[in-house]
Amino acid sequence: MPLTAQKFRLYSDTSKNVRKIVLPVFVLTPETHLGFGALGVKLWQSRHTEIPTRTSNAELILLYTSRKQFIMIPRYTIFTSNERYLIEGFGEELIDFQDYYFGRGNETPASNREKLTYNVLGWENRIGRRIFKRRKLFIGAETRAIQYFDISRQTGGLLDTEKSTGYNGSTSVGLGPALTWDERDNVVNPSRGFYWDFRYSVYSKSLGGTVNYHRLLFDLRKYFNVNSLKRHILAMQLFGNFVRGDAPIRELAELGGPRIMRGYYRGRYRDNYLTSFQAEYRMPLYKRLGVVAFAGLGKVYNPTSINFDGLHYSYGGGVRFKINQREKLNLRLDYAKGDPHYPGYVYIGFAESF
């Protein structure tokens, strides 16, 4: 069957192999405030009678925010025929990105907050080869390069005084092995199965960077179809990020953001290590509408303070609107409470946080 593209439209519900969606979008996060732009999504599937191949997807989002930031983020998950290979990655280009720095550690006070502005150019890519016919276990490698430059910070402020690695800019180039075991039924919005992702990367000046450090990351997710007739889903995630060496301040493990511990500004707490756990209950409400409730626990720490003291928590709920019925691609609106110094944060975006 030849691949046939269809016209761009708001709802791309079709049985064709290729589906395309282009939408005007707006987002709202603590890091960007209000942003306007466009989202392009391409979904396609390889038809094969022997081994089913899950839907691949690629997206590009372009945004200009009320904080005068320009954001461009391409993202993709590609399964080759029979899922012999998995190719996954994303890029980011941020211009005049306004951020806040609170210091380093799990108990930094809110009064530490200081503003900084910088540009980012980065790309991350993983490719894995399936090693078992009946198991979707992929082994391969990750490459990643990211540069922070044109950093503007407060003169005499905390970052300027500490002069931590990367306070004036940095380039990180890393390479290492990656293992992904992905038994999800749907990559965009799973209803059952699990996802295990393990990566170890060495960042080195010999690869073209300006810093030497290494990072171990794991992302473990499990999805339960609690009520298959009504599609009630319980999703859980255990996430860890462990950074050792002379890492730039922006490359340390961070708590907060739209994906890890909603309810905290991304980077509200940062240190060498991060461990977090999240759970979310998802259920349909009416036609394309759905609702969710979620909660999380997590903390950042360093090798000298590995304990359960000082855990941060977050909780909240949200509404989902399905913009593609077949692939279950959602527009999401979440309200999350976590940081005790703020009444809560609102997030508007696409796809689930995990």
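Residues numbered from 1 in each chain as written. Predicted model: local features only at pLDDT ≥ 70, side-chain atom pairs only at ≥ 80, totals over all residues. Heavy atoms only, no water.

Student: Which residues make up the overall build of the protein chain, and what are the values?
Tutor: Secondary structure summary: the protein chain contains 1 helix and 18 strands in total. Relative to the compact-globule value of 20 Å for 354 residues, the protein chain shows a C-alpha radius of gyration of 20 Å, a close match. Once the C-alpha set of the protein chain is aligned to its principal axes, its extents read approximately 65 × 45 × 40 Å. Long-range pairs, those at least 24 residues apart, make up 57% of the contacts in the protein chain between residues at least 6 apart in sequence. Surface exposure of the protein chain reaches about 16,600 Å², of which carbon and sulfur atoms provide 60%. Positive and negative side-chain charges in the protein chain, numbering 51 and 32 respectively, have mean positions lying 8 Å apart. (Helix = DSSP H or I, 4+ residues; strand = E, 2+ residues; numbered from the N terminus. Rg over C-alpha atoms; globule rule 2.2 N^0.38 Å. Contact = heavy atoms within 4.5 Å. Areas by Shrake-Rupley, 256 points an atom, 1.4 Å probe, with all protein chains shown as cover. Lys, Arg positive; Asp, Glu negative; His and termini not counted. Charge placed at Lys NZ, Arg CZ, Asp CG, Glu CD.)

Student: Tell me about unusual backbone geometry, residues and numbers included.
Tutor: Even without being glycine, Lys68 reaches a positive phi, approximately 65 degrees. Summarising the element assignment, Lys68 is placed in the loop between strand E3 (56-65) and strand E4 (70-79). At Glu83, a position not held by glycine, the phi torsion is positive, near 55 degrees. One can find Glu83 in the loop between E4 and strand E5 (85-101). A residue is classified by how much of its surface remains accessible, and Glu83, at 0% relative accessible area, is buried. (Buried < 20%, exposed > 50% of the residue type's maximum accessible area, 1.4 Å probe, protein only.)

Student: Please set out the nonpolar core residue by residue, giving values where relevant.
Tutor: The biggest cluster of nonpolar side chains holds 33 residues, and the ones touching the most others in it are Val25, Tyr118 and Leu329. At the level of secondary structure, the elements contributing two or more residues to this core comprise strand E1 (18-29), strand E2 (33-44), E3, E5, strand E6 (114-130) and strand E7 (137-153). When neighbours within four sequence positions are excluded, Leu329 is seen to be in contact with Ile21, Val41, Val188, Phe321, Lys322, Ile323, Asn324 and Ala351. Core analysis: the second largest hydrophobic core is formed by 10 residues, Leu217, Phe239, Tyr264 and Tyr269 among them. (Core = buried A, V, L, I, M, F, W, Y, C linked by side-chain atoms within 4.5 Å.)

Student: Give a detailed account of the pattern of salt bridges, specifying residues and quantitative values.
Tutor: Here the structure, examined in full by the defined rule, presents 28 salt bridges. With its nearest N and O atoms 2.8 Å apart, the salt bridge here joins Arg262 to Glu280. Of the two residues, Arg262 is situated in the loop between strand E12 (253-255) and strand E13 (269-271) and Glu280 in strand E14 (residues 273-286); the sequence distance between them amounts to 18 residues. You'll find Arg262 and Glu280 in the same group, each marked buried. (Salt bridge = Lys/Arg side-chain N within 4 Å of Asp/Glu carboxyl O.)

Student: Residue-level account of the side chain of Arg262, with values.
Tutor: Judged by its relative accessible area of 1%, Arg262 is buried. A polar contact of 2.8 Å, which involves the side chain of Arg262, links it to the side chain of Glu280. The residues contacting Arg262, other than those within four sequence positions of it, are Gly257, Gln278, Glu280, Phe294, Ser314, Arg320, Arg332, Asp334, Ala336, Tyr347, Ser353 and Phe354. (Polar contact = N/O pair within 3.5 Å; in protein donor to acceptor, adjacent residues only side chain to side chain.)

Student: Outline the side chain of Arg231, supporting the account with residue identities and numerical values.
Tutor: For Arg231, the location among the structural elements is in the loop between strand E10 (213-227) and strand E11 (232-245). Comment: no salt bridge for buried Arg231; closest opposite-charge side chain is Asp185, at 5.2 Å. At 3.1 Å, the side chain of Arg231 and the backbone oxygen of Asn189 are in polar contact.

Student: Can you lay out the packing of aromatic side chains for me, pointing to particular residues and giving the numbers?
Tutor: In total, this model carries 15 aromatic pairs according to the counting rule given. When the ring of Phe97 is compared with that of Tyr118, the centres are 5.9 Å apart and the planes differ by 45 degrees; the resulting orientation is tilted. Residue Phe97 is found in strand E5, and its partner Tyr118 is found in strand E6; the two are separated by 21 residues along the sequence. The buried category is assigned to Phe97, whose relative accessible area is 9%. Taken together through their ring pairs, the aromatic side chains of Phe218, Phe242, Tyr273 and Tyr301 make up a single cluster. (Phe/Tyr/Trp six-rings, centres within 6.5 Å; stacked < 30°, edge-to-face > 60°.)

Student: Which residues make up a nonpolar patch on the surface, and what values do they have?
Tutor: A surface patch of nonpolar side chains, amounting to about 630 Å² of accessible area, comprises Leu285, Tyr286, Leu289, Val319, Leu333, Tyr335 and Val346. Among the secondary structure elements, those contributing two or more residues to the nonpolar patch are E14 and strand E17 (329-337). Structurally, Leu285 is set in strand E14. (Patch = residues over 30% accessible without salt bridge, like charges linked within 9 Å, V, L, I, M, F, W, Y side chains within 5 Å.)

Student: Mind laying out the pairing of E7, listing which residues take part and the relevant values?
Tutor: Sheet topology note: the E6/E7 ladder contains 14 bridges and is antiparallel. In the sheet register, Gly128 faces E7, and the bridge partner there is Gly140. The turn joining E6 and E7, which pair antiparallel and follow one another in sequence, is formed by 6 residues. Pairing between E7 and strand E8 (residues 170-182): 12 bridges, direction antiparallel. From the neighbouring strand, Tyr148 faces E8, where its bridge partner is Ser170. (Pairing = 2+ DSSP bridges.)

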